[in-house]
Amino acid sequence: MSYLNLVADLIARARSAGADAADAVLVSGTSLSVSRRLGETEHLERSEGRDLGLRVFVGKRSAIVSSSALDPAGFADLAARAVAMAKVVPEDPYAGLAEEAHAEDAGPLDLDDPAEPEAESLIARAQAAEDAARAVPGVTNSEGGEAGFGRTEIVLVTSAGFAATYRRSSHSVSASVVAGSGTEMQRDYDYTSAVHLADLEDAAAIGHSAGERAVSRLNPTRPKTGKMPVVYDPRVSSSLLGHLTGAINGASVARGTTFLKDKLGQRIFPSGIDIVDDPRRHRGLRSRPFDGEGVPTSLHTLIEDGVLTTWLLDTRSARQLGLRTTGHAARGTSSPPSPSVTNLFMRPGALSPAELMADIREGIYITELIGMGVNGITGDYSRGAAGFMIRNGVLAEPVAEITIAGSLPEMFLHLLPANDLRFRRGTDAPTIRVEGLTIAGA
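These figures come from a predicted structure and were not determined experimentally. (Residues numbered from 1 in each chain as written. Predicted model: local features only at pLDDT ≥ 70, side-chain atom pairs only at ≥ 80, totals over all residues. Heavy atoms only, no water.)

**Q** Got a sec to walk through the overall build of the chain? Specific residues and values, please.
**A** Broken down by element type, the chain carries nine helices and 19 strands. Whereas a compact globule of 442 residues would reach a radius of gyration of roughly 22 Å, the chain reaches 24 Å, a difference of no more than 12%. Every one of the 442 residues in the chain was classed for burial, and the buried ones make up 50%. Intrachain contacts of the chain at a sequence separation of at least 6 include 72% that bridge at least 24 residues. Of the roughly 18,800 Å² of accessible surface on the chain, a fraction of 50% belongs to carbon and sulfur atoms. (Helix = DSSP H or I, 4+ residues; strand = E, 2+ residues; numbered from the N terminus. Rg over C-alpha atoms; globule rule 2.2 N^0.38 Å. Buried < 20%, exposed > 50% of the residue type's maximum accessible area, 1.4 Å probe, protein only. Contact = heavy atoms within 4.5 Å. Areas by Shrake-Rupley, 256 points an atom, 1.4 Å probe, with all protein chains shown as cover.)

Structural data, given as structure tokens:
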């Protein structure tokens, strides 16, 4: 029996058990991973798993049950248990399936690399990454090189007639090493991931980058406390987009627990800034043809010319706000849908990173952020950081054990992106300059 037919059978059992409506998601995955440290294979693991989640509705009441057993003989009991649970929970006036759910041709997303690598090839990639990192002068130890492959299949069926599936593959390589010795040691890393092996960055290049990053952080200082421009390396600039999406999440907007709750249709970034969520990107790390409720996905420009154009909505949050879902529902097998982005990015600006920093007499270039000191209700921002001083427009000595603080509404209004956008992580941004942050240092 195919997965689609299997899940459809579970939905039929739920209706027979008394559910007015139901949906079910099945996640099937295979993964192979390897880690090498100091020239030896430390870890080699292959795993396979399948999880099934059933959500039922009895009037305006709902419940979710999940199982790793896919035996149809147990579906009647699973469905009966879910319906019994739904009958005793409080009513939710916004509960229900998505009316907008329907199957649609998503075009050539090309999300599944048909080739599955052998363990030997992963070992070779992990070794190449670690060897290149350890070859960098100044690197004294290694936390290892890693390589992995995975393939996941998502199946979603609803009692309203939606039934569809898609598969996604992933390849990855990373390296993490230590430079220096004693109390002066510094660690850093680099990694690459892609849907198709052909798009994966070279393992040796990743290792070399990790080694250089670690060595460059040796002998850090702490700058004096004060206000100065801060430039975010692309590795951490995407975190600013994460703070934005948390603030425009429909669930937070409906509860009124976000500093942007009254800003829809208003300018919250400088003119010229566009932030886009593109679930249909060819070979995108988070691309998907439909969301967790079966709603077809589509590109959304969340910030257009600096203006906030939309909330991120699933069906429930959309109903709370009197709006329509934006197709941003994401879900697991044991939890209800909630709004989430896919391939999120900020469009690049016109200046190179060097030009972006050229007029900074004294500033901070951030390569690592620590902690999550962000207040989603007020927008207050405070995070531990490490990176480099900027002196007279160029990078200077490394800095560590500092805190950067500000207000996200002000930061959003006073940022400037460079032109070096690369799609590497699923949420991507170019180098970003933010004015007037407070640096707590020495």
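Once you've had a look at it, read on.
**Q** Which residues make up the sheet that holds strand β6 (residues 186-194), and what values go with them?
**A** With antiparallel pairing, the six strands of this open sheet are ordered in space as β3-β2-β1-β4-β5-β6. At either margin of the open sheet sits one strand with a lone partner, and together these are β3 (61-67) and β6. Mean inter-strand twist for the sheet, computed between neighbouring axes without regard to direction, equals 20°. One ladder, built from 14 bridges, connects strand β1 (residues 21-37) with strand β4 (residues 139-158); its direction is antiparallel. Within β4, the position partnered with A24 by the bridge is V157. (Pairing = 2+ DSSP bridges. Axes fitted to C-alpha atoms, helices over the stretch in contact; angles between N-to-C directions.)

**Q** Break down the pattern of salt bridges for me, with residues and values.
**A** Taken as a whole, this structure holds 26 salt bridges when the rule is applied. Where R235 meets D188, a salt bridge forms, and the shortest distance between an N and an O atom there is 2.9 Å. Highlighted residues: R235 in helix α5 (residues 234-247) and D188 in strand β6, separated in sequence by 47 residues. In terms of burial, R235 and D188 fall into one category: buried. A cluster of three or more residues bridged by salt bridges with shared partners is formed by R46, E48, D112, E116, R151 and R167. (Salt bridge = Lys/Arg side-chain N within 4 Å of Asp/Glu carboxyl O.)

**Q** Outline the packing of aromatic side chains, supporting the account with residue identities and numerical values.
**A** Evaluated as defined, the whole model comprises six aromatic pairs. Judged by centre distance (6.3 Å) and plane angle (40°), the rings of F259 and F412 are tilted. With F259 in the loop between α6 (250-255) and β8 (275-277) and F412 in helix α9 (residues 408-413), this pair connects stretches of sequence that are 153 residues apart. Look at F259 and you get buried, because its relative accessible area is 14%. Residue class for F412 comes out buried when judged on its relative accessible area of 1%. Sitting over the face of the ring of Y189, R235 holds its NZ or CZ atom 4.3 Å from the ring centroid. (Phe/Tyr/Trp six-rings, centres within 6.5 Å; stacked < 30°, edge-to-face > 60°. Lys NZ or Arg CZ within 6 Å of the ring centre and 35° of its normal.)

**Q** Mind laying out helix α1 (residues 3-16), listing which residues take part and the relevant values?
**A** Side chains of residues three or four places apart in an α-helix project in the same direction, reflecting 3.6 residues per turn. When the terminal C-alpha atoms of α1 are compared, their 20 Å separation across 14 residues agrees well with the 20 Å that a helix rising 1.5 Å per residue should span. Buried within α1 we find L6, V7, D9, L10, I11 and A14. Where α1 is buried, its residues contact β1, β2 (40-58), α2 (75-86) and β4. Just past α1, the residue G18 takes up positive phi, approximately 115°. (Expected span 1.5 Å × (residues − 1).)

**Q** Residues and numbers for the pairing of β4, please.
**A** For β4, the tally of buried residues reaches 15 of 20 residues, placing the bulk of the element in the interior. With 17 bridges joining them, β4 and strand β5 (residues 163-179) adopt antiparallel strand pairing. Looking at β5, one finds that R151 is bridged to S169. If you look at the hairpin formed by β4 and β5, you'll find four residues sitting between the two strands, and G161 has a positive phi there, around 110°.

**Q** So what about the environment of G265? Which residues, and what values?
**A** If you trace the backbone, G265 turns up in the loop between α6 and β8. A C-alpha to C-alpha distance of 40 Å links G265 and L52, two positions 213 residues apart in sequence. Sequence-distant contacts of G265, that is, excluding residues within four places in its chain, are made with V307 and L308.

**Q** I'd like to hear about the sheet that holds strand β13 (residues 344-346), residue by residue, with values.
**A** Taken together, five strands build an open sheet; the order of strands is β10-β9-β8-β13-β18 and the sheet is mixed. If you trace the sheet from one side to the other, it starts and ends with β10 (307-308) and β18 (427-428), each paired once. In terms of strand pairing, β8 meets β13 through three bridges, oriented antiparallel. By the bridge assignment, D277 is partnered in β13 with L344.

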